[in-house]
Amino acid sequence: MTDSSGNVKIIAIVCNWCSYAGADGAGTARLKQPYDFRVMRVPCTGRVDPLLALKAFEKGADGVLISGCHPGDCHYSEGNYYARRKFELLKRMLPHLGIEPERYTYTWVSASEAARWQQVVTNFVTKVGELGPRQGGAL
Amino acid sequence: MSGAEIARQDRIRELARQALTEGKVDYFIGWKAGHVPSEVIPAFVRNVDECDMLLWNPLCHHNLTTFLKRKMPDPPDARIGVCVKGCDSRTLVALLQETLVDKERLYVVGVPCDGIIDRRRLEKAFSDEVIDIAFQGEQVVVTTRGGETKELAYEELLLEQCASCDFPNPRYYDDLAGELLPQPEGPPRFPGLEEYEALSAEEKDRVLADAFATCIRCFACIHVCPVCYCWDQCVNRSRRPALVGQKVAAKENLMFQMVHMFHVAGRCPSCGACDRSCPVEIPLYLLHRKMNKELFEMLGFQAGLNVEDKPVFQTFNIDDALGEQ
């Protein structure tokens, strides 16, 4: 797989109902995906504490991708509406903590969007791969 | 001390006396003189004849609402009187928004505030021990043990956040000690960030690594914070989940502080109590002030302004236009 750099570690935090199913669908459809990311399945993006992403960086992740149901499609109606405010704050705070903004993103991928999942992870992994591994002293 | 300051102090004493005499409160929380002249400490006044120890001057930096955050006051049904400055009142409002304190059992004395002196900066300006601090109008007269007496301008000694204060008046109070001050115009200000913000990612990483290497995890920032109230349930104390490592090193220490910062997001008005309590002088304002700046730019949100408002992370707007991809 040429679009993987192979030298970065990426954590993908995905919700059980949409993005995990979307990623699963991408696998079932044998869509080519980079292999540098590890998937962490959560019941809903509403459960995701921004600290999980920070912890991943602290533990040596080079990038963190969070993905859930599209706004309006949350399995629990409104989990992702609460979540996106937190994710946005995290997005704005990360550069302040010395982490390049390209290393974090949050997005929405539904269960039927296997092709979109493929595109999202490929883009993200490529961007993080270009930056290479992190040498963080603070986080 | 200016006439206005003395009038405020007199009024605080008068209101405390009145509240205790009428039985409106079981005790009254204010400020009193500390063990050294540069220090003012919190006071719990239970008797009417103790009211005269209550103080008001530009050294009263303690945010007294921190004593309300324990959901179990002593005794549990105690009625409490408390003094709040503008910034303190915002933390009180944040607690009230989440019904973490009982409005009915509180008697709040609002104190309009001209700004608090940076006690550490004042002490550092002298190589000798400071034995007396007197406030004379716009001047602060400091005497040291060696007999040196110096007049310093009050304006120049102010805490950075006080020099550009957006809320000199309390946002919530039952009675006011003194006249309301003019409300500053314009958008909120977040001083002291420009220099750090201009650094590259690598430089920021180095600055934070250096600053947080010295953290001793004493929990002072967390315990003094009026809006950080999980006590024994704090994830920073927990090994399960092991969100924060036991190792006391820069990474773990910054993670420890991020737990504090992210958990008070939406309640923290940057009162600066954490900065002032830090025994190793970690510039925590770099984190909480930045967080509030971003929250303001994101959603136009400022913590603790009105009791009826919903905290920003406990509500949402379907039309929030944020930066997801």
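These notes cover the structure that comes with them. Keep in mind the model is a prediction, meaning the values are calculated, not measured. (Residues numbered from 1 in each chain as written. Chains lettered and ligands numbered in written order. Predicted model: local features only at pLDDT ≥ 70, side-chain atom pairs only at ≥ 80, totals over all residues.)

## Details of the overall build of chain A
Link 1 in the chain: Helix and strand counts for chain A come out as four helices and four strands.
Link 2 in the chain: Listing the helices and strands of chain A from first to last along the sequence gives β-α-β-α-β-α-β-α.
Link 3 in the chain: Here chain A has a C-alpha radius of gyration of 14 Å; the compact-globule value for 139 residues is 14 Å, and the two agree.
Link 4 in the chain: If you line up chain A on its principal axes, its C-alpha atoms span 40 × 35 × 20 Å.
Link 5 in the chain: Buried positions account for 56% of the 139 residues belonging to chain A.
Link 6 in the chain: Within chain A, counting contacts between residues at least 6 apart in sequence, those at least 24 apart form 83% of the total. (Helix = DSSP H or I, 4+ residues; strand = E, 2+ residues; numbered from the N terminus. Rg over C-alpha atoms; globule rule 2.2 N^0.38 Å. Buried ≥ 20, exposed ≤ 12 C-beta atoms within 10 Å, placed from the backbone. Contact = placed C-beta atoms within 7 Å.)

## What to know about unusual backbone geometry
Link 1 in the chain: The omega torsion of the bond from Arg240 of chain B to Pro241 of chain B falls at 5°, within 30 degrees of zero and hence cis.
Link 2 in the chain: Position of Pro241 of chain B relative to the elements: it lies in the loop between helix H8 (220-224) and helix H9 (250-264).
Link 3 in the chain: At Arg30 of chain A, a position not held by glycine, the phi torsion is positive, near 55°.
Link 4 in the chain: With respect to the secondary-structure elements, Arg30 of chain A resides in the loop between helix H1 (19-28) and strand E2 (37-42).
Link 5 in the chain: Here Thr99 of chain B, not a glycine, exhibits a phi torsion of approximately 45°, which is positive.
Link 6 in the chain: Tracing the backbone through its elements, the reader meets Thr99 of chain B in the loop between helix H2 (86-97) and strand E4 (106-110).

## A closer look at the sheet that holds strand E7 (residues 149-153) of chain B
All names here are of chain B.
Link 1 in the chain: On the basis of which strands lie adjacent, the open sheet formed by three strands has the order E5-E6-E7 and antiparallel pairing. Both edges of this open sheet fall to strand E5 (130-136) and E7, since each of them pairs with a single strand only. The average angle at which neighbouring strand axes cross in this sheet is 25°, direction not considered.
Link 2 in the chain: Note that E5 and strand E6 (residues 139-144) share six bridges and pair antiparallel. Counted as the bridge partner of Ile133 is Val142 from E6. (Pairing = 2+ DSSP bridges. Axes fitted to C-alpha atoms, helices over the stretch in contact; angles between N-to-C directions.)

## Digging into the nonpolar core
The nonpolar side chains of a soluble globular protein tend to be buried, and buried together.
Link 1 in the chain: Judged by nonpolar contacts, the single largest core of 130 residues is most densely connected at Ile10 and Val64 of chain A together with Ile12, Ala16, Val82 and Cys83 of chain B.
Link 2 in the chain: Among the elements that take part in this core, H9 of chain B stands out by supplying nine residues, more than any other.
Link 3 in the chain: Each of domain 1 (3-116 + 160-176) and domain 2 (194-313) of chain B contributes no fewer than three residues to this core.
Link 4 in the chain: Once residues within four sequence positions are removed from consideration, Ile12 of chain B is found in contact with Gly30, Leu54, Trp56, Cys83, Val109, Val111 and Ala177 of chain B. (Core = buried A, V, L, I, M, F, W, Y, C linked by C-beta atoms within 7 Å. Domains from an automatic or database assignment.)

## Side note on the interface of chain A and chain B
Link 1 in the chain: The interface of chain A with chain B comprises 30 residues on the first partner and 31 residues on the second.
Link 2 in the chain: Elements represented by at least two residues in the side of chain A that touches chain B include exactly helix H2 (50-58), helix H3 (79-93) and strand E4 (104-108) of chain A.
Link 3 in the chain: The element that contributes the greatest number of residues to the side of chain A that touches chain B is H3 of chain A, accounting for 10 residues.
Link 4 in the chain: Looking at the side of chain A that touches chain B residue by residue, the classes come out as 14 nonpolar, six polar and 10 charged. (Nonpolar A, V, L, I, M, F, W, Y, C, P; charged D, E, K, R; others polar.)

## Some remarks on the sheet that holds E4 of chain A
All names here are of chain A.
Link 1 in the chain: Taking strand neighbours across the sheet as the criterion, the four strands line up as E2-E1-E3-E4 in an open arrangement whose pairing is parallel. Two strands lie at the open edges of the sheet, namely E2 and E4, each paired on one side alone. If you compare each strand with its neighbour and ignore which way they point, the axes differ by 20° on average.
Link 2 in the chain: Sheet topology note: the strand E1 (residues 10-15)/E2 ladder contains six bridges and is parallel. If you follow Ala12 over to E2, its bridge partner there is Val39.
Link 3 in the chain: Helix-sheet contacts for H2 involve E1, strand E3 (63-68) and E4, and the interaxial angle to E3 is about 155°.

## Points about the environment of Ala250 of chain B
Link 1 in the chain: Among the structural elements, Ala250 of chain B can be located in helix H9.
Link 2 in the chain: Assessed through the 21 C-beta atoms surrounding it within 10 Å, Ala250 of chain B is described here as buried.
Link 3 in the chain: Ignoring anything within four residues of it in the chain, the contact list for Ala250 of chain B reads Gly137 and Ala138 of chain A together with Ala209, Phe212 and Ala213 of chain B.

## Here we look at the environment of Arg41 of chain A
All names here are of chain A.
Link 1 in the chain: Assignment of secondary structure puts Arg41 in strand E2.
Link 2 in the chain: In the structure, Arg41 is positioned 11 residues away from Arg30 in sequence and 20 Å away in space, judged by C-alpha atoms.
Link 3 in the chain: If we skip the residues at most four places from it in the chain, Arg41 touches Val14, Asn16 and Tyr20.

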